[in-house]
Amino acid sequence: MKRLVISMKIAFATDDGKTISAHFGKASHYLVVSIENGQAVRRELRDKPAHGHAANEPHGLHDADQPHGFDPASQDRHNRMIDSIRDCEVMISRGMGRGAYASLLSAGLRPIVTDIPEIDQAVTAFIKGEIVDHTEKLH
């Protein structure tokens, strides 16, 4: 099968460096996998601020004109979570809110919501061009 990826960095939301977190905002780390010539060549575990780090900040305050996750406080939180992966092209999680998804897109990253639980399996699926973005899982 033809490999579709030449060179890039993929960030995975994770708590253990092996499995993909069920929720982008609650994950404690990113595992950044560097891909070169269709092969995973480096892995780096990076700290990631989670929603819990912003416990004293308002969360989810919105009205009919600002859906959940799109208010200024949420967008600011999302941007802080994205800061440590701005050198990546893709961020993969097993779930996230619509506001976080939009923040990742605005930051120039391609968000993917996958149903694949293991990072190694997701890397292989991504390289082969077989990973599916399950946007129906956005909340």
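Details of the structure are given in the entry above.
A brief look at the structure comes next.

Reading the values: the criteria
- Residues numbered from 1 in each chain as written.
- Predicted model: local features only at pLDDT ≥ 70, side-chain atom pairs only at ≥ 80, totals over all residues.
- Heavy atoms only, no water.
- Helix = DSSP H or I, 4+ residues; strand = E, 2+ residues; numbered from the N terminus.
- Buried < 20%, exposed > 50% of the residue type's maximum accessible area, 1.4 Å probe, protein only.
- Contact = heavy atoms within 4.5 Å.
- Areas by Shrake-Rupley, 256 points an atom, 1.4 Å probe, with all protein chains shown as cover.
- Pairing = 2+ DSSP bridges.
- Axes fitted to C-alpha atoms, helices over the stretch in contact; angles between N-to-C directions.
- Phe/Tyr/Trp six-rings, centres within 6.5 Å; stacked < 30°, edge-to-face > 60°.
- Lys NZ or Arg CZ within 6 Å of the ring centre and 35° of its normal.
- Arc of directions from axis to C-beta.

Of the regular secondary structure elements, the chain holds three helices and five strands. Ordered by position from the N terminus, the helices and strands of the chain form the series β-β-β-α-β-α-β-α. For the chain, the residues scored as buried account for 45% of the 139 residues in total. Long-range contacts, defined as pairs at least 24 residues apart, comprise 52% of the intrachain contacts of the chain with a sequence gap of at least 6. For the chain, the accessible surface area stands at approximately 7,200 Å², while carbon and sulfur atoms represent 50% of it.

Another aspect to go through is the sheet that holds strand β4 (residues 90-93). In space, the five strands of this open sheet follow the order β3-β2-β1-β4-β5, with mixed pairing throughout. The open sheet is flanked by β3 (39-47) and β5 (110-113), the only strands paired with a single partner. Averaged over all adjacent pairs, the angle separating strand axes in this sheet is 20°, with direction ignored. Judged from the three bridges that link them, strand β1 (residues 7-14) and β4 form a sheet pairing that is parallel. Looking at β4, one finds that Ile10 is bridged to Val90. Contacts from helix α3 (residues 119-127) reach β1, β2 (29-36), β3, β4 and β5 within the one sheet, and its direction differs from that of β1 by about 145°.

As defined by bridge partners, β4 adjoins β5 across four bridges and the pair is classed as parallel. Its bridge partner lying in β5, Ile92 is registered against Ile112.

With that settled, consider the packing of aromatic side chains. Tallied over the full model, the rule gives one aromatic pair. Here Phe24 and Tyr30 contribute two aromatic rings whose centre-to-centre distance is 6.4 Å and whose plane-to-plane angle is 40°, an arrangement assigned as tilted. Per residue, the accessibility class of Phe24 equals that of Tyr30, and both read buried. Above the face of the Tyr30 ring, Lys48 is positioned so that its terminal group lies 5.9 Å from the ring centre.

Here the focus is the environment of Leu109. Note on placement: Leu109 falls in the loop between α2 (98-106) and β5. The exposure class assigned to Leu109 is buried, which follows from its relative accessible area of 3%. Taking C-alpha positions, Leu109 is 6.7 Å from Met91, a pair spaced 18 residues apart along the chain. Those residues in contact with Leu109, other than ones at most four positions away along the chain, are Ile82, Ile85, Cys88, Glu89, Val90, Met91 and Leu104.

So, about unusual backbone geometry. With a phi angle near 50°, Asn37 is a residue other than glycine that sits in the positive phi range. Within the element layout of this structure, Asn37 appears in the loop between β2 and β3.

Attention shifts here to helix α1 (residues 72-82). Residues three or four positions apart in an α-helix share a direction because the helix packs 3.6 residues into each turn. Those residues of α1 that fall on the buried side of the exposure criterion are Ser74, Arg77, His78, Met81 and Ile82. For α1, the arc enclosing every buried residue in end-on projection is 135°, short of the 170-degree limit, so these residues lie on one face. On the buried face of α1, the contacting elements are β2 and α2.

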